Amino acid sequence: MIEQNTALRQLQDDHATRTAPRAGGSGVAQPSAFTAEILPLSEIDRVYAPLQALADTACEPNVFFEPIALKAAMEELRTTSRHFLVLVWDGAAGGTLAGAMPFEIVRHRWGPFLAVTQGWNHKMGVRGTPLIRPGRTEAFWSHALDAIAAGPFPRMLLIHTMAWDGEGRTGLSAACGNSGRAMSVIDRTSVITLKTDLDGESYLCKTISGRRRRRMRKALAELGAMGTLEHRSYREEGETISAFMRFLELEAAGWKGREGTAIREKPDALRFFTKAISAFARRGQVQIDTLELDGRPIGMSVVVQSSDMAFCWKTSYDEALAKYNPGYLTVMDVTRRLIANPAIAHADSCTDAGHPLMDGLWSERSEAADVLIDTRRNGGTAAFAVAAGLERTRRRSRQRAKTIYHALRGRLRRWRQGGDA
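A brief structural summary. (Residues numbered from 1 in each chain as written. Predicted model: local features only at pLDDT ≥ 70, side-chain atom pairs only at ≥ 80, totals over all residues. Heavy atoms only, no water.)

So, the overall build of the chain
(1) Moving on: Looking only at helices and strands, the chain features twelve helices and 14 strands.
(2) Moving on: For the chain, the C-alpha radius of gyration of 23 Å lies close to 22 Å, the compact-globule estimate for 421 residues.
(3) Moving on: Expressed along its principal axes, the backbone C-alpha trace of the chain runs to roughly 70 × 60 × 40 Å.
(4) Moving on: Within the chain, the proportion of its 421 residues that are buried is 49%.
(5) Moving on: Contacts in the chain between residues at least 24 apart in sequence constitute 75% of all its contacts with a sequence separation of at least 6.
(6) Moving on: For the chain, the distance from the average position of its 57 positive side-chain charges to the average position of its 47 negative side-chain charges is 6 Å. (Helix = DSSP H or I, 4+ residues; strand = E, 2+ residues; numbered from the N terminus. Rg over C-alpha atoms; globule rule 2.2 N^0.38 Å. Buried < 20%, exposed > 50% of the residue type's maximum accessible area, 1.4 Å probe, protein only. Contact = heavy atoms within 4.5 Å. Lys, Arg positive; Asp, Glu negative; His and termini not counted. Charge placed at Lys NZ, Arg CZ, Asp CG, Glu CD.)

Structure follows, in C-alpha cells:
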C-alpha cells in the first residue's frame, strides 16, 4: 500500500510539474532521418496534403483518421486547445510523413489531478489505429513517443481500439522493448471483418447456413410480390449525396429516431456526416447500397473506402418490413459487391463479434486493443502499474453502472407497457 501511494503521488507530481501546451506546434529533433513534430489539431490544414498521402498508403488503413474525417470532427469540438497531431517525418524519403496520430489531453480521467494523454477519436469514429507507412512502424512509435514524452503532456498514453494483429502492433512492441517503455493491453476486442479469395456467392454459401439462405430467398420472393424490388449501388458524387439524405430519413424513421440517437436528430452528428460524406464522395470513396421496393429504400448501407480497405460505417432498414430482413438482404448484396471489387482487399464491419446482423454474415475476425504506454524511456514500473490499475478499475465501475442503468431502463419500459395495457 505504501508503494502504491508513493507511485500515485509520483503520477500526480509528474502532471503538476507540466504546464499547459503551447498554442503553436513544437518540433522535436531526432538524431536520425526521422523528425517528430506535435501540431495543434486546429492547424491540420498545414499538413492536409501529406496526411492524405499517408492515409492512401498506410499499412493499416483507418478512414476515421483521414484528414477529411479529422477536420469535420474537429469543427464540432467546443474547444481544440487540448487536441493535437503527432507527426513523424521521414527525411530519407524526401520529407514525407512516416506516420501520424491524433491525441488529446483528458483531465481527471483517473481522479483529481490525474490526467492522461489519449489517442483521440471523434464520437462517430470506430478505430484508433494510427496511420503509418509500411516499414516505418517502429520508427514512428519510437519518435512519436519521444516527442510526447518531451512535451508538456501527461506521461501515460492510452490508445483505444488499435489494430492489434498487424504491422502497427509489431512496431509498437519493438519500440517499447528497445527503449524500456512499459506497455500493457487494457482490453481486447474481436472485430468482424471480411477477407476472402472466394467469389461472393461461394463466400455467402460458406458463412450462411442453408436454412438461412432458404429463408432469405423466400423473403426476396415475398418482397418481390409486393412491387418492383431492386438492389442498387450509388457511387457517383451527386447520387451518393442524394442517397445519403435518404439514408438519414430511413434511419430517423426507426428506433434510433424514436430514442433521439439518429444522425438527423443530433445537430453535431448531422453536420459532421454531411461534411465528411460530401468530401469523401468527391474523392470517390463512398458507396451506398440500397434495397428498393418501388423506388423506396427499405434497406441501406453506407460504405467508405480508405486505401484498399472498406469500412461499413452505417446500415439501416425499414422496420415495418422487419420480418423480411431487408437489412440482412442489403448487407448480403454489399458483401457480393465488396468481394467483386478488385480495389478492395478487405473490409471492416465497424462492429464487434456478437453483433446480431454481421456476426452470421462475415466469418473473419481481427483483434483490436486498448493499450496503455508509458511514453518515457525506462519509466518507473510502480507508477505505470498504478495507472494501469486505475484504468481497469474505472472500466469495471463504468460497466457495472451501465448494467444497472440498462436493468432499470428495462424495468421502466415494462412498467410503462403494463400501464398502457
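Now that the structure has been shown, we can carry on.
Focus on the packing of helix 3 (residues 67-74) against helix 10 (residues 267-282)
(1) Moving on: It is the contact of helix 3 with helix 10, at a shortest axis distance of 9 Å, that shows an interaxial angle of 160 degrees. The angle between the axes of helix 3 and helix 10 places the two elements in the roughly antiparallel class. By crossing handedness, the relation of helix 3 to helix 10 is classed as right-handed. Contacts between helix 3 and helix 10 involve Ile68, Ala69, Ala72 and Ala73 on the former and, on the latter, Phe272, Lys275, Ala276, Ala279 and Phe280. (Axes fitted to C-alpha atoms, helices over the stretch in contact; angles between N-to-C directions. Parallel < 35°, antiparallel > 145°, perpendicular 65-115°, else oblique. Left-handed = near helix turned anticlockwise from the far one by under 90°.)

Considering the pairing of strand 5 (residues 116-119)
(1) Moving on: Where burial is concerned, the two faces of strand 5 agree: the one with Val116 and Gln118 and the one with Thr117 and Gly119 are both buried.
(2) Moving on: Two elements, strand 4 (residues 96-106) and strand 5, share four bridges in a ladder whose sense is antiparallel. The partner of glutamate 104 across the bridge, within strand 5, is glutamine 118.
(3) Moving on: In this structure, strand 5 lies alongside strand 7 (residues 156-163), joined through two bridges in parallel fashion. Bridge pairing links threonine 117 to leucine 157 in strand 7. (Pairing = 2+ DSSP bridges.)

Points about the state of the cysteines
In protein chemistry, a disulfide is the covalent bond that joins the sulfur atoms of two cysteines.
(1) Moving on: Summed over all chains, the structure comprises zero disulfides.
(2) Moving on: Cysteine 176 carries a free sulfur, and the closest cysteine sulfur to it, the one in cysteine 59, is 16 Å from it.
(3) Moving on: Between cysteine 312, a free cysteine, and cysteine 350, which holds the nearest cysteine sulfur, the sulfur-to-sulfur gap is 6.7 Å.
(4) Moving on: Relative accessible area serves as the criterion here: at 8%, cysteine 312 is assigned to the buried category. (Disulfide = S-S within 2.5 Å.)

Scope: geometric values only; no functional claims are made or implied.
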